[in-house]
Amino acid sequence: MRLQRLRGASLAALACVALTACATSGSNGSNGDAAAAADTDEAREPLARGLDYAANPDPFPSTYRGLPRDNMAIVGGTVFTGAGQRIDNGVVIVTDGRIAAVGGPSTPIPAGHRSVDARGRFVTPGVIDTHSHLGVYPSPGVQGMSDGNEATQPNTAEVWAEHSLWPQDPGFNAARAGGVTTLQILPGSANLFGGRGVTVRNIPSVTMQGMKMPGAPYGLKMACGENPSRVYGSRNSSPATGMGNVAGYRAAFIAAREYKAKWDKWREDGEGSPPTRNLELETLAGVLDGSVLVQNHCYRADEMAVMIDIAKEFGYKITAFHHAVEAYKVAPLLAREGICADMWTGWWGFKMEALDAVEANAALVDAQPNSCAVIHSDDAELTQRLNQEAAAALAAGRRIGMNIPEERAISWITLNPARSLGIADQTGSLEAGKRADVVIWSANPFSVYARADQVFIDGGLAFDRFNPAYQPVSDFELGQPGYGVSAANVTQGAR
Amino acid sequence: MRLRTLILAAVSAAAVAAPALAQELTAITGGRVLTGTSVIENGTVVIRDGRVVSVGTGAAPSGARIIDARGKVVAPGFVAVDSGLGGSEISSVGGSDDLTNGANTISASFDVSYGLDPWSFTLPVARLGGITRAIVVPSHPGGSGGHNHQDDSDFAGVGDGGFQSPSLFAGQAAIIHLAAGTDILVKPRVAMVAPFGEAGAGVAGGARGAEFVQFRETLAEVRLYARNKAAYDRAGLRDLSLSRADLEALIPVANGSMPLIVTVRRAADIQQVLRLAREEGVRIILDGAEEGWLVADQIAAAGVPVLLNPISNLPGNLETRATRMQNAAVLDAAGVLIAIKGNEGSVHRARETRYNAGNAVSHGLPYDAAIEAITVNPAKIFGMAGQFGELRPGAAADVVVWSGDPLEPLSIAETIFIGGAEQAPTSRQFLLRDRYARGGEEAMPPAYIR
């Protein structure tokens, strides 16, 4: 009986992984099979509060509430759906914060829907940045505010970026003005295991929980290459080399396998003392059961191939390689393994592992069937212009004769990053049923002159370039030098 | 396979376009010509012997090689200011960095021109972004050089975060061109560099008040030395804090003949620096000036030019809290001569200079002013007006034919002349791209593909 129920729960967890998100479950993970444990028929004493992961798998729950919203029809614009379609003179129907319909000019507009005139403008899904350090490496980047790297030991899988996140970082507002509606905030890359990232909705909030995306899976930041070996090697400790890095990953997953087996056995038998809860191993066990997605900083092609073998050795999946500068060298492999490549277009040459970057990287990755090409930022300035970074990548692809339509390239900063975060069932494209995260651009977003005119998150107006009432200012920005000063061309409330 | 065929075709087309000699009479016809100061529709640009012969609407001279630029845009090559091109190969590899100097006795006298590498693989990459000249400056505390990648921010040695110069003066800048060849130096020692604000205060001991006093004292010593060189040589002058080489290098700064690039961000610091320059008779160029828009009229009244990055809109520290995307537009409207920079010290990301100019336009800078800010203005600011950065008779033939508006990321530089020599449209990055663009499923490993 119990065994049967366990198997059922495991299958549910697997299905959850296959859909890449467990968004509607309200739980951020399932390692240890919480459901099975919760209604075990033998009345076992519950462990003391906090000692059993499964008793409270979501200890920092999202309190996100959408902004006030109207039902609306965005009409007349050129629509890039994010899912590959371009619709001229399109209609996007938003009902109760969700996309209700997307179509051509004859799409019927339900009663009670306000009309938003997008004629001469472009409509896309909200931009998603899979690699951000906003809030954890905030502006101002002064002493006391550098909270992104727990660079004290090479495995800090136990730390969570959300516990460093300062919601008053003015960079969130600047990113929103660039169309960014969802971001993954990650720890830095000093460590082999940097800790959990958190996916946030880009709305102003006093608390991290108020931004946290409900139901989005956690990511685990892992790092290949130069950074961990430089940081720890310079301290004369391991890892000091690439091979030391790999030994570190493997040792950690051996420990995680054992940890997970102990908990699974204890839940099944109900005999003996429970294992001691360990936050580091708990996150790694989450990777093994698929509830925590691997977000792997990895520049070089040869290192990506090794990381893929490690994942196979221990039976987990890598969701995305970040800063995948050499992804173009192994594009077929990444596509076969179903791994996203999250890339820049223009960054290169700042260290040896960034030497072989090419601008056509995203286009070459994208050319493979079943690929997942993503443009990301890792930078508070670049995140404001991911559309331009995608444009430069598109130009590089076209330069070598690739026929890439803009309605495809827009997926590099919308649907594909949503896949890279395991939230593609929720956002990333303008398709019926998804969250109404929408940007209305002043011009084609692949133009340097395009500005995000209006940004909607869950159907609520989060930013309006023409209305100061919708240009939020963080607490930090109030009363600072320049605040409230008028000058030609300076728009209050917008950086 | 379709992809492969297309790419192979593109590659072979690039291979057959042999670079033209600088002497050849060439006419670029039919394009929209941005001269740097005006626009000529359906224009003709004639070049010969490395220089622009004429710019207008007339017919091409007989016998000229014709480059058909119909439907395209013809512009002067862009000038990267505050750049490290040719002086730094890989940011994190210290041995490849010839812009950073920590010697105690060589500060103002540090001369970047000796470390320039015409074979640097950064040059073709920048060139493909339309950059044909650069003002190469020494690294200095507070400068925009180095890589400020947040993932790496805890590590000194990547970028300039951990770099502390021992002196108020970082050294002297040089002008280069980016043409393939054996010598890229156009002019050495065109400006001195000194950090102010937080970075300068850090060099002086921690507080801004110390730096200003130390700066004035140094100038006094330089003037004393200049008046009493004979006494100095026979040790008949009081002890001076700088080496002889540094004192010598600062004479043109003290007498106003060499401009001083002052890296400064906070509005209050800009005001102090303007006053210092006025009182000391020093000719300055503001670098950074993130809060410049708050004191735009004062900068304009002083006739001081500004090198700025228009996409700096977040406060990296407390001296840039007023930074805004509109800085370029406000300064230009006030009448300040501005030059727009690339990103991260304009080495690897020098090619993004044009995007930065485009973003300044989308935040209020007139288009013509943005083009000027990456062509004519840098030449003016560094004393090279009329010699490059402009399509006009007599200027160096740095001409780029663009597939469209050069400020747009979707446009590409199709044909590039520098000093009249056509540049091969390739780079190490293009070679890598073409090697792997074939799909990676060849029988032989990629290493056999060239």
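Residues numbered from 1 in each chain as written. Chains lettered and ligands numbered in written order. Predicted model: local features only at pLDDT ≥ 70, side-chain atom pairs only at ≥ 80, totals over all residues.

1. Considering the overall build of chain B
Phase 1: Along its length, chain B carries 13 helices and 16 strands.
Phase 2: Burial statistics for chain B: of 450 residues in total, 58% are counted as buried.
Phase 3: Within chain B, counting contacts between residues at least 6 apart in sequence, those at least 24 apart form 70% of the total. (Helix = DSSP H or I, 4+ residues; strand = E, 2+ residues; numbered from the N terminus. Buried ≥ 20, exposed ≤ 12 C-beta atoms within 10 Å, placed from the backbone. Contact = placed C-beta atoms within 7 Å.)

2. Topic: the overall build of chain A
Phase 1: Assigned secondary structure in chain A consists of 12 helices and 16 strands.
Phase 2: At 23 Å, chain A has a C-alpha radius of gyration in line with the 23 Å of a compact globule built from 495 residues.
Phase 3: Dimensions of chain A, computed from the C-alpha atoms along their principal axes, are close to 70 × 50 × 50 Å.
Phase 4: In chain A, the share of contacts with a sequence separation of at least 24, taken over all contacts with a separation of at least 6, comes to 71%. (Rg over C-alpha atoms; globule rule 2.2 N^0.38 Å.)

3. Quick look at the interface of chain A and chain B
Phase 1: Taken together, the contact pairs 63 residues of chain A with 61 residues of chain B.
Phase 2: Sorting the residues of the side of chain A that touches chain B by element identifies helix H3 (170–177), helix H4 (226–233), helix H8 (331–337) and helix H10 (386–399) of chain A as the ones contributing at least two each.
Phase 3: Here the element with the most residues in the side of chain A that touches chain B is H10(A); it accounts for 6 residues.
Phase 4: Considering only residue class, the side of chain A that touches chain B consists of 34 nonpolar, 18 polar and 11 charged. (Nonpolar A, V, L, I, M, F, W, Y, C, P; charged D, E, K, R; others polar.)

4. Some points on helix H10 (residues 353–362) of chain B
Phase 1: For H10(B), a buried count of 9 out of 10 residues is recorded, marking the element as mostly surrounded by other parts of the structure.
Phase 2: Those residues of H10(B) lying buried are Thr353(B), Arg354(B), Tyr355(B), Asn356(B), Ala357(B), Gly358(B), Asn359(B), Ala360(B) and Val361(B).
Phase 3: For H10(B), the elements touching its buried residues are H10 of chain A together with strand E6 (78–83), strand E7 (131–136), helix H9 (327–333), strand E13 (338–340) and helix H11 (367–372) of chain B.
Phase 4: Of the residues flanking the end of H10(B), it is Gly364(B), one or two places downstream, whose phi is positive at about 105°.

5. Notes on the sheet that holds E6(B)
Residue and element names in this part refer to chain B.
Phase 1: A sheet is described by the order of its strands in space; here 8 strands give the open sequence E6-E7-E8-E9-E10-E11-E12-E13, paired in mixed fashion. Edge positions in the sheet fall to E6 and E13, since each has one partner strand and no second. Neighbour-to-neighbour, the strand axes of the sheet open up by a mean angle of 25°, direction not taken into account.
Phase 2: As paired elements, E7 and strand E8 (residues 171–177) share 4 bridges and run antiparallel to each other. Note on E8: the bridge partner recorded for Ala134 is Ile176.
Phase 3: Most of the contacts of helix H3 (residues 197–204) go to strand E9 (residues 185–195), to which it runs at about 75°, and overall it touches E9 and strand E10 (260–264). (Pairing = 2+ DSSP bridges. Axes fitted to C-alpha atoms, helices over the stretch in contact; angles between N-to-C directions.)

6. A look at the pairing of strand E2 (residues 39–48) of chain B
Residues and elements named next belong to chain B.
Phase 1: When strand E1 (residues 26–34) meets E2, the two strands line up antiparallel, connected through 7 bridges. Looking at E2, one finds that Ile28 is bridged to Val45.
Phase 2: Joining the antiparallel neighbours E1 and E2 is a turn of 4 residues, in which Gly36 adopts a positive phi near 115°.
Phase 3: As paired strands, E2 and strand E3 (residues 51–56) are joined by 5 bridges and run antiparallel to one another. When the sheet's bridge partners are listed, Thr44 is paired in E3 with Gly56.
Phase 4: Hairpin connection from E2 to E3: 2 residues lie between these consecutive antiparallel strands, with Asp49 at a positive phi of about 50°.

7. Here's the deal with the packing of helix H5 (residues 242–269) of chain A against helix H7 (residues 301–314) of chain A
All names here are of chain A.
Phase 1: Orientation of H5 relative to H7, taken along the N-to-C sense of each, is 20°, at an axis distance of 10 Å. Comparing the axis directions of H5 and H7 gives the class roughly parallel. The way H5 lies across H7 gives a crossing that is right-handed. Here H5 contributes Val246, Tyr249, Arg250, Phe253 and Arg257 to the contact with H7, which in turn contributes Val306, Ile310 and Phe314. (Parallel < 35°, antiparallel > 145°, perpendicular 65-115°, else oblique. Left-handed = near helix turned anticlockwise from the far one by under 90°.)

8. Let's talk about the packing of helix H4 (residues 208–227) of chain B against helix H6 (residues 244–254) of chain B
Residue and element names in this part refer to chain B.
Phase 1: Between H4 and H6, the shortest axis-to-axis distance is 9 Å and the interhelical angle comes to 105°. Accordingly, the angle class assigned to the pair H4 and H6 is roughly perpendicular. For the pair H4 and H6, contact is made by Leu219, Glu221, Val222, Arg223, Tyr225 and Ala226 and by Leu247, Leu250, Ile251 and Ala254, respectively.
Phase 2: For the contact of H4 with H6, a count of residues per class yields 8 nonpolar, no polar and 2 charged.

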